[in-house]
Amino acid sequence: MSGVGQRKHGAGTLRHVSESIPDLGCLMDENEGAVDAAEIIYTPLYKYKSLFGDSKRHVRDLIVSQSLYFASPGALNDPFDCRPYLETSASFREQQKRLVTAIRWREDMSRVEAKRRAREISPARTLEILHEAAERAFQSAGVFSLTSNPLDLLMWPHYGDSHRGICVRFDPHALMRAGHYPYGVTYADERPICDTVRVDPGIWVHRALMTKGSNWSYEKEARLIQPKLGGTAVIVESPSIDGV
């Protein structure tokens, strides 16, 4: 009887704690400075756009209103994009410490109470919760893709309606003045491995969202990333488009 009661109580606790940490956005925001500034792109950047159908309205919003649409990672054209391998070499104690931090931030509770909550969770489930939270952080982020190459013969048919669209030019310095920092994408043969416990969150979140397969390297992509704004249009206050 007592064993059954403990399992039922534990299941409820696990659901509550897991739901109380919808993402690690707090850790992302606090560690933006962890990313190497050398990865920022300072040269002009471009966005290929179609003028067919509803795309014409999107282009008007982009140029007239400076409305940048940040796509959800799940809407990107590479199914492995923003899908890192989540691993850690951290001890259970280190995992608990990270979980306590996340619980305190989300629930606004004392460290003593957060530790009590964390101790109710098994080692296996602790890591599952941290990885689930990391996955939600990746998938809730917004991605605005740009390129440093406005003359690519493959990207014109892919993104510019077979050469019938336009290519919009952005001033990266204006974007940065508005708080949008363009980072160059890293291309690799393997999906990145992210240690979500031992490695600074600002580093592994950046690695997850800024690594693409080598087959896409011809795109010379740069990205603007906004935590928690996937599928959302953001208005840039200062003029950032300086050519078409």
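Every value quoted in this text rests on a predicted model; they were computed, and no experiment measured them.

A. Up close: the packing of aromatic side chains. Under the definition given, this model contains four aromatic pairs. Here the aromatic rings of Tyr48 and Trp156 are separated by 4.9 Å at their centres, their planes lie at 90°, and the arrangement is edge-to-face. Taken together, the positions of Tyr48 in strand 1 (residues 45–49) and Trp156 in helix 7 (residues 155–159) put the pair 108 residues apart, joining distant regions of the chain. The exposure classification of Tyr48 matches that of Trp156, with both residues buried.

B. Just the confidence of the model for the protein chain, in detail. Mean pLDDT over the protein chain: 83, with 84% of residues reaching 70 or higher. Looking over the protein chain, one finds the lowest element-wise mean pLDDT in helix 1 (residues 2–19), namely 34, and the highest in strand 1, namely 97. Ignoring residues within four places in sequence, the model shows residues 1–34, a span with pLDDT below 50, making 53 contacts including any to other chains.

C. Spotlight on a nonpolar patch on the surface. Taken together, the side chains of Ile63, Val64 and Val244 define a hydrophobic patch exposed on the protein surface, amounting to about 290 Å² of accessible area. Checked against the element boundaries, Val244 lands in the segment after strand 12 (241–243).

D. Layout of the environment of Gln96. With respect to the element layout, Gln96 can be found in helix 4 (residues 92–107). Taking the C-alpha atoms as reference, Gln96 lies 9.1 Å from Ile121; in sequence the two are 25 residues apart. In contact with Gln96, other than residues within four places in its own chain, are Ala118, Arg119 and Thr126.

E. Molecular detail of helix 4. For helix 4, which comprises 16 residues, the first-to-last C-alpha distance of 22 Å matches the rise-based estimate of 22 Å (1.5 Å per residue) to within 8%. Along helix 4, the residues classified as buried are Gln95, Gln96, Arg98, Leu99, Val100, Ala102 and Ile103.

F. Highlighting the packing of helix 4 against helix 6 (residues 123–140). Between helix 4 and helix 6, the least distance of the axes is 10 Å, while the angle of their chain directions is 45°. The orientation of helix 4 relative to helix 6 falls into the category oblique. At the point where helix 4 passes helix 6, the crossing takes the left-handed sense. Judged by residue contacts, Phe92, Gln95, Gln96, Arg98 and Leu99 of helix 4 engage Pro123, Thr126, Leu127, Ile129 and Leu130 from helix 6. Partitioning the contact of helix 4 with helix 6 into residue classes produces six nonpolar, three polar and one charged.

G. Representation of a positive patch on the surface within the structure. Together, Arg93, Lys97, Arg104, Arg111, Lys115 and Arg119 make up a region of like positive charge exposed at the surface. Among the secondary structure elements, those contributing two or more residues to the positive patch are helix 4 and helix 5 (111–119). As for its placement among the helices and strands, Arg119 is situated in helix 5.

H. Structural detail: the pattern of salt bridges. With the rule as written, the count across this model stands at 13 salt bridges. Measuring nitrogen to oxygen at the nearest pair gives 2.7 Å for the salt bridge that ties Arg223 to Glu221. For the pair formed by Arg223 and Glu221, the shared burial category is buried. What emerges from the salt-bridge pattern is a single network uniting Asp81, Lys212, Glu219, Glu221 and Arg223.

I. Examining the pairing of strand 4 (residues 142–147) more closely. Counting buried residues along strand 4, five of its six residues qualify, which places the element largely inside the surrounding structure. Sheet analysis places strand 4 next to strand 10 (residues 221–226), joined by six bridges and oriented antiparallel. Bridge pairing links Phe144 to Leu224 in strand 10.

The rules behind the values
Residues numbered from 1 in each chain as written. Predicted model: local features only at pLDDT ≥ 70, side-chain atom pairs only at ≥ 80, totals over all residues. Heavy atoms only, no water. Phe/Tyr/Trp six-rings, centres within 6.5 Å; stacked < 30°, edge-to-face > 60°. Helix = DSSP H or I, 4+ residues; strand = E, 2+ residues; numbered from the N terminus. Buried < 20%, exposed > 50% of the residue type's maximum accessible area, 1.4 Å probe, protein only. pLDDT = per-residue confidence, 0-100. Contact = heavy atoms within 4.5 Å. Patch = residues over 30% accessible without salt bridge, like charges linked within 9 Å, V, L, I, M, F, W, Y side chains within 5 Å. Areas by Shrake-Rupley, 256 points an atom, 1.4 Å probe, with all protein chains shown as cover. Salt bridge = Lys/Arg side-chain N within 4 Å of Asp/Glu carboxyl O. Expected span 1.5 Å × (residues − 1). Axes fitted to C-alpha atoms, helices over the stretch in contact; angles between N-to-C directions. Parallel < 35°, antiparallel > 145°, perpendicular 65-115°, else oblique. Left-handed = near helix turned anticlockwise from the far one by under 90°. Nonpolar A, V, L, I, M, F, W, Y, C, P; charged D, E, K, R; others polar. Lys, Arg positive; Asp, Glu negative; His and termini not counted. Charge placed at Lys NZ, Arg CZ, Asp CG, Glu CD. Pairing = 2+ DSSP bridges.

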